[in-house]
Amino acid sequence: MHSATVPRCTPHAWCWCANHVHIFCCSRSAYSPPQELRWSAGSRSYNFQQTIQWCDDKATGTIFRYQTNNADPLTCGQQLSPLIRVKPGKAYRLILKNVAFGPASTAQTNIHIHGSHISGDGNADNPLRFVEPGFQIAYNWTIPEDHHGGTIWYHPHFHPIVDPQLAGGGLGMLIVDDPQYVVRSMSADFKQFATSTANEILLLFHQQINQIACNGHSSADPETVDIISGQWYRVRIANGDPEATVRDITFGQVAGNNLCEVRAVAFDGVWRSTVPGPAQTTFRLTGASRIDLALKCTKPNGYSGQGRSSYVLDLNFKDGTANNASPWGGDSGTRWTPPRPTSGYLDDLTAATGVNPYTISMSAVQINGATWDPANINFLETFQYGDVQEWTLSGTTGHPVHTHIWHWQVRMLAVHHMHYGEWYDTVSYTPGCKVRFRMVGGGQTQLVHCHILGHEDKGAMVIFKESSGMS
Ligand SMILES: [Cu+2]
């Protein structure tokens, strides 16, 4: 259950809201982030294991929701899907139980970890597998030792019923911890900011009975985060809205002044090339984006909260003393350049030559004129292992395009949320966009699809193949 709702209205509250709303407000409910899934010891072939269940929510008629293991079916949907936390170099076995009661046409399901870089085949992150209602399947997630640390999320991905299951509430946050060689490159202050859960705020945006909600709270009872003036927080945001093109998250003002210094530090689960980015007040996300923000708010003397409108999140100052210094030594400090994975899948390609050009054209039912047919799955193209791909993405304004396994390095000047040289797994860019990446996995498959999931369900999905090795 969510933490109990505590009606209250403090004189020192303001809010931070989605959907272009700038307004002061008072606070009502307690911070209720997703609860962490506790892994159990595994066997020889995997380090850890656990079981989760997707269920039908009888109370609302929506599918799919999460319920704790072997709980009373009537509890379906009363708890936010758990935070799943994994470490590079470890292997995890996740049992997915499908305890939905609906017909196969609406209740077949599976799970995809969106933004990861693990195999998309076999029983790894393979969205072509599924489980019938009343049965269970196992996933073996082997996290590479150099896997990027970041904010990822998971959701059902079974064509053609992804949209209703995700809109129903089948989604959760997944965090990959940074590998040790990345942690070792951090300063002490940055490490405190980046790795201490005491400085971490988790915000999962999602649909809840056709409203936008944050951590299970809709605008009628907004999620509230109590923060300490002057303390730096790492805010991990996952926006899991299957029907959104883009959404702005705006930090409000008091008397024309920004109370918070807010800087992006990671996009779609990948650290920026230099950390942090510039201070901003508005951050634009697609319906599948994640963003990690560095947030520090300073409480002004003697201001008071005012009315409220439709939004889904409040920030509220609480008493306390900041526990950390600036993660980068203040305005004149040193920016952090995170080391990239040793296997090279996030190597900087901005200056690469001899690229392989390709074009992705999005529509509501097709990609490059092809409609996904689960009875006849063919690779649209096979790309050479190690080649630098330069893809032109068109039609992504209304059709944010998501790439499995391989993040894309955007090479257009900054527009809205997309920044030159940074890595994304979901792109919506007006008017068009070039991205680069290298397939260096050896024989991997890559799904590419529209993340307006009703469009994916209609067929806007294709699959590519990487050749097995150097030619
Ligand atoms: Cu679309």
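Look a little higher up for the structure.
Presented here is a report on the structure given in the accompanying data block. No experiment lies behind these values; they were computed from the predicted model shown.

Quick look at the state of the cysteines
Evaluated as defined, the whole model comprises two disulfides. Across a sulfur-sulfur distance of 2.0 Å, Cys 55 and Cys 76 are joined as a disulfide pair. Measuring the twist about the S-S bond at about 90 degrees, one finds the Cys 55-Cys 76 disulfide to be right-handed. With a gap of 21 residues between them, Cys 55 in strand E3 (residues 48-56) and Cys 76 in the loop between strand E4 (63-67) and strand E5 (84-86) connect regions that are remote in the sequence. Taking relative accessible area as the criterion, Cys 55 reaches 2% and is therefore assigned buried. The disulfide partner of Cys 260 is Cys 297, and the gap between their sulfur atoms is 2.0 Å. Disulfide Cys 260-Cys 297: torsion about the S-S bond near 100 degrees, hence right-handed. Placement of Cys 260 in strand E18 (residues 260-267) and of Cys 297 in strand E21 (residues 290-297) is noted, with a sequence separation of 37 residues between them. Note on accessibility: Cys 260 and Cys 297 belong to one class, buried. Taken in sequence order, the bonded cysteines of the chain link in the pattern 1-2, 3-4.

Remarks on the sheet that holds strand E24 (residues 382-383)
The strands making up a sheet are joined through hydrogen bonds of the backbone, oriented either antiparallel or parallel. Spatially, E24-E32-E31-E26-E29 is the arrangement adopted by the five strands of the open sheet, whose pairing is mixed. If you trace the sheet from one side to the other, it starts and ends with E24 and strand E29 (426-427), each paired once.

Here we look at the side chain of Asn 215
You can see Asn 215 is positioned in the loop between strand E12 (211-214) and strand E13 (223-228). A relative accessible area of 0% places Asn 215 in the buried class. Here Leu 202 takes part through its backbone oxygen, which lies 2.9 Å from a polar atom of the side chain of Asn 215. At 2.8 Å, the side chain of Asn 215 forms a polar contact with the side chain of Glu 223.

Overview of the environment of Gly 386
Here Gly 386 shows up in the loop between E24 and strand E25 (388-394). A residue is classified by how much of its surface remains accessible, and Gly 386, at 18% relative accessible area, is buried. Each C-alpha atom of the pair Gly 386 and Val 440 lies 5.2 Å from the other, and the pair is 54 residues apart in sequence.

Here we look at unusual backbone geometry
Of all residues except glycine, most have a negative phi; of all peptide bonds, most are trans. In this structure, Pro 160 follows His 159 across a cis peptide bond, with omega equal to 5 degrees. Structurally, Pro 160 is set in the loop between strand E9 (150-155) and helix H2 (162-167). Cis geometry is found at the peptide bond from Val 275 to Pro 276, where omega equals 0 degrees.

Rules used throughout
- Residues numbered from 1 in each chain as written.
- Predicted model: local features only at pLDDT ≥ 70, side-chain atom pairs only at ≥ 80, totals over all residues.
- Heavy atoms only, no water.
- Disulfide = S-S within 2.5 Å.
- Helix = DSSP H or I, 4+ residues; strand = E, 2+ residues; numbered from the N terminus.
- Buried < 20%, exposed > 50% of the residue type's maximum accessible area, 1.4 Å probe, protein only.
- Pairing = 2+ DSSP bridges.
- Polar contact = N/O pair within 3.5 Å; in protein donor to acceptor, adjacent residues only side chain to side chain.

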